[in-house]
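Chains, contacts and geometry: an overview
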Amino acid sequence: MALIKPKLSREVAETIAAGGPVVALESTIITHGMPYPANLETALGVEAVIRENGAIPATIAVVNGELRVGLEHSELEALAQAKGVVKASGRDLAVAMVRGQSAGTTVSATMLMADLAGIDIFATGGVGGVHRGAEQTFDISADLTELGRTKTAVVCAGVKSILDIAKTLEYLETQRVPVIAYGTDDFPAFFTRKSGFKADHRLDTPEEIARAMFLHHQLGTGTGLMIANPIPEAAALTPDFIDGTIADAVREADERGIGRKELTPFLLARINELSQGESLKANIELVRNNARLAAKMAVAYAALKKAGK
C-alpha cells in the first residue's frame, strides 16, 4: 500500500526536488502554544530566521482535513486566529482528515508528516517526554515513541522541566535515540540551560551534527535524533525561579484534575501568567535559536547528501 503524501507548497516541493535544505516546523506553537498575535509573530519570525541562514521553512499543519507541508502567509494568519482547531498527535491525523478538521501538529505528527514529505530536519521548542508520576499514570508523550521509529532529526531546547527528565532520557535510550547536545555537556531543560543531567553526546558545530545524522541514517537504525540546543544565555530563566513557578502550576493542575492533552497547554499558559510573561519571551527566543541551528544543519546535510558522503 502506497503511503500518503502530504500536499507541499510549491517552494518546498521545488527545494526538496533539487536536494536543497528544508527545515520542518510544527504548528501547535501557533494553535495551542501562544496567544494571538504573539503566535503569528513568532511563526513568521522563525521562518525568517531559517531563510536568513540559507534554508527553506516548511510549517506543517492539517488544514480542513488536508495534510499540508509549507503554509503561505495568509494561511499562517488564518491558523493563528482560528477557533476550534484541534491538537493532533500522530495517531490523530487520520481522524482529522476524515472529519475535515484543521489541526496544529505536535512533535510526533510533525515528524511523521516531515518524513512522508522527505524532510530530514525539524525545529521545535521542546519535545514531550515522560510526565511526573508516570509510574502511576503511564503518561508518556508519543513524541518519544515517534523519535524511536521515524528518522527525522529534531532540534529542540531539551524537554520542559514540567516533565521527569531522568525518565525521559532513559526512555530515549530504550528507543535507541541518540541525544546530542550542541556546544555543551549538559542536557538543557527548555527555559534553563542545564537540567542537572548529562546528554549522551556533545558536538560543537552544525556540520558535525549533520555528519552524525548522515552516518546515523546510513547505519539503517530507523530512529530519529534529538539535538538538544540550550536556550541563549541572555534569555534563560533562573532554575530556582522557573522550578518554583512550575511546581505551583503543576499543583494547580492536579487540584483541578487537568491531564492528558490539556495538561501541557495549561501548564505553559499558567507558567506564563505566574512569570508575568517572562516564560513566553524565553519560549520565543529558544524557538528562534533552534531554527537557526536547524537551518545551518540543513545546509550542511544537503551538501553531504549531494556529495554522497
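Residues numbered from 1 in each chain as written. Predicted model: local features only at pLDDT ≥ 70, side-chain atom pairs only at ≥ 80, totals over all residues. Heavy atoms only, no water.

Observations regarding helix 10 (residues 206-218)
Selection criterion: The helix count covers DSSP runs of H or I at least four residues long, the strand count covers runs of E at least two residues long, and both are numbered beginning at the N terminus. Working rule for helices: expected span equals 1.5 Å times residues minus one. A simple rule labels every residue: compare its accessible area, found with a 1.4 Å probe on the protein chains alone, to the largest value its type can have, and call it buried under 20%, exposed over 50%, or partly exposed in between. It is the directions from the helix axis to the C-beta atoms whose arc is reported. Should any heavy atoms of two residues lie within 4.5 Å, those residues are counted as being in contact.
Across its 13 residues, helix 10 extends 18 Å between first and last C-alpha, which sits within 8% of the 18 Å expected from 1.5 Å per residue. By the burial criterion, the buried members of helix 10 are Pro206, Ile209, Ala210, Met213, Phe214, His216 and His217. Seen end-on, helix 10 carries its buried residues on one side only, within an arc spanning 165°. Residues of helix 10 that are buried in the fold lie against strand 7 (121-123), strand 8 (153-156), strand 9 (179-182), strand 10 (201-203), strand 11 (225-228) and helix 13 (278-307). Positive phi shows up at glycine 220, right after helix 10, with a value of about 70°.

Examining the nonpolar core
To keep it simple, the criterion reads: Working definition of a nonpolar core: buried Ala, Val, Leu, Ile, Met, Phe, Trp, Tyr and Cys residues. They are joined through side-chain atoms within 4.5 Å.
Core analysis: the biggest nonpolar cluster contains 101 residues, and Ile119, Val127, Phe187, Met226 and Leu267 have the highest contact counts within it. For this core, the leading source of residues is helix 13, giving 13 residues.

A word on the packing of aromatic side chains
This is how the line gets drawn: Two rings from Phe, Tyr or Trp (for Trp, the six-membered ring) form a pair when their centres sit within 6.5 Å of each other. Planes less than 30 degrees apart are called stacked, planes more than 60 degrees apart edge-to-face, and all others tilted.
Under the counting rule described, the total for this entry stands at two aromatic pairs. Here the aromatic rings of phenylalanine 190 and phenylalanine 191 are separated by 4.7 Å at their centres, their planes lie at 80°, and the arrangement is edge-to-face. For the pair phenylalanine 190 and phenylalanine 191, a shared accessibility class is recorded, and that class is buried. Taken together, a centroid distance of 6.3 Å and an interplanar angle of 65° make the contact between phenylalanine 214 and tyrosine 301 edge-to-face.

Focus on the pairing of strand 8
Stated precisely, the cut-off is as follows: Any two strands are treated as partners once DSSP identifies two or more bridges connecting them.
Here strand 8 shows no split at all, with Ala153 and Val155 on one side and Val154 and Cys156 on the other all buried. Two strands pair when backbone bridges link them, and strand 7 and strand 8 are joined in this way by three bridges, in the parallel orientation. Bridge pairing links isoleucine 121 to alanine 153 in strand 8. Judged from the four bridges that link them, strand 8 and strand 11 form a sheet pairing that is parallel. Looking across to strand 11, one finds that valine 155 is bridged to isoleucine 227.

Here we look at the side chain of threonine 42
Along the chain, threonine 42 turns up in helix 3 (residues 38-52). With a relative accessible area of 5%, threonine 42 lands in the buried category. Those residues in contact with threonine 42 that lie beyond four places of it in its chain are Met34 and Ile284.

Notes on the packing of helix 10 against helix 13
Put simply, the rule is: Axes here refer to lines fitted to C-alpha atoms; in helices the fit is confined to the stretch in contact. Angles between the N-to-C directions go from 0 to 180 degrees. Comment on the angle field: the value is read as roughly parallel under 35 degrees, roughly antiparallel over 145, roughly perpendicular from 65 to 115, and oblique elsewhere. In this scheme, a crossing is called left-handed if the near helix is turned counterclockwise away from the far one by less than a right angle; it is called right-handed if the turn is clockwise.
Running from N to C, helix 10 and helix 13 point in directions that differ by 55°, and their axes come no closer than 8 Å. By the angle between their axes, helix 10 is oblique relative to helix 13. Helix-helix and strand crossings are classified by hand; for helix 10 and helix 13 the assignment is right-handed. Where helix 10 approaches helix 13, its residues Pro206, Glu207, Ile209, Ala210, Arg211, Met213, Phe214 and His217 are matched on the opposing element by Leu293, Lys296, Met297, Ala300, Tyr301, Leu304 and Lys305.

Here's the deal with unusual backbone geometry
Trans peptide bonds make up most of the peptide bonds, and negative phi angles are found at most residues other than glycine. At the junction of tyrosine 36 and proline 37, the peptide bond is cis and its omega measures out at 10° in the coordinates. Structurally, proline 37 can be placed in the loop between helix 2 (28-33) and helix 3. The phi angle at arginine 176 is positive, at roughly 65°, despite the residue not being glycine. Positionally, arginine 176 belongs in the loop between helix 9 (165-174) and strand 9. One non-glycine residue, phenylalanine 190, lies in positive phi territory at about 65°. Here phenylalanine 190 shows up in the loop between strand 9 and strand 10. A relative accessible area of 1% places phenylalanine 190 in the buried class.

Brief notes about the environment of leucine 268
Structurally, leucine 268 can be placed in helix 12 (residues 263-274). Considered as a pair, leucine 268 and isoleucine 246 are 22 residues apart in the sequence and their alpha carbons are 8.8 Å apart. The contacts of leucine 268, once residues within four sequence positions are left out, are Lys160 and Phe191.

Observations regarding the environment of glycine 148
Relative to the assigned elements, glycine 148 resides in the loop between helix 8 (142-147) and strand 8. Among the residues examined, glycine 148 registers a relative accessible area of 12% and is labelled buried. Placed 30 residues apart in sequence, glycine 148 and proline 178 show a C-alpha to C-alpha distance of 9.7 Å. Glycine 148 has contacts with Gln175, Arg176, Val177, Gly222 and Thr223, leaving out every residue within four places of it along the chain.

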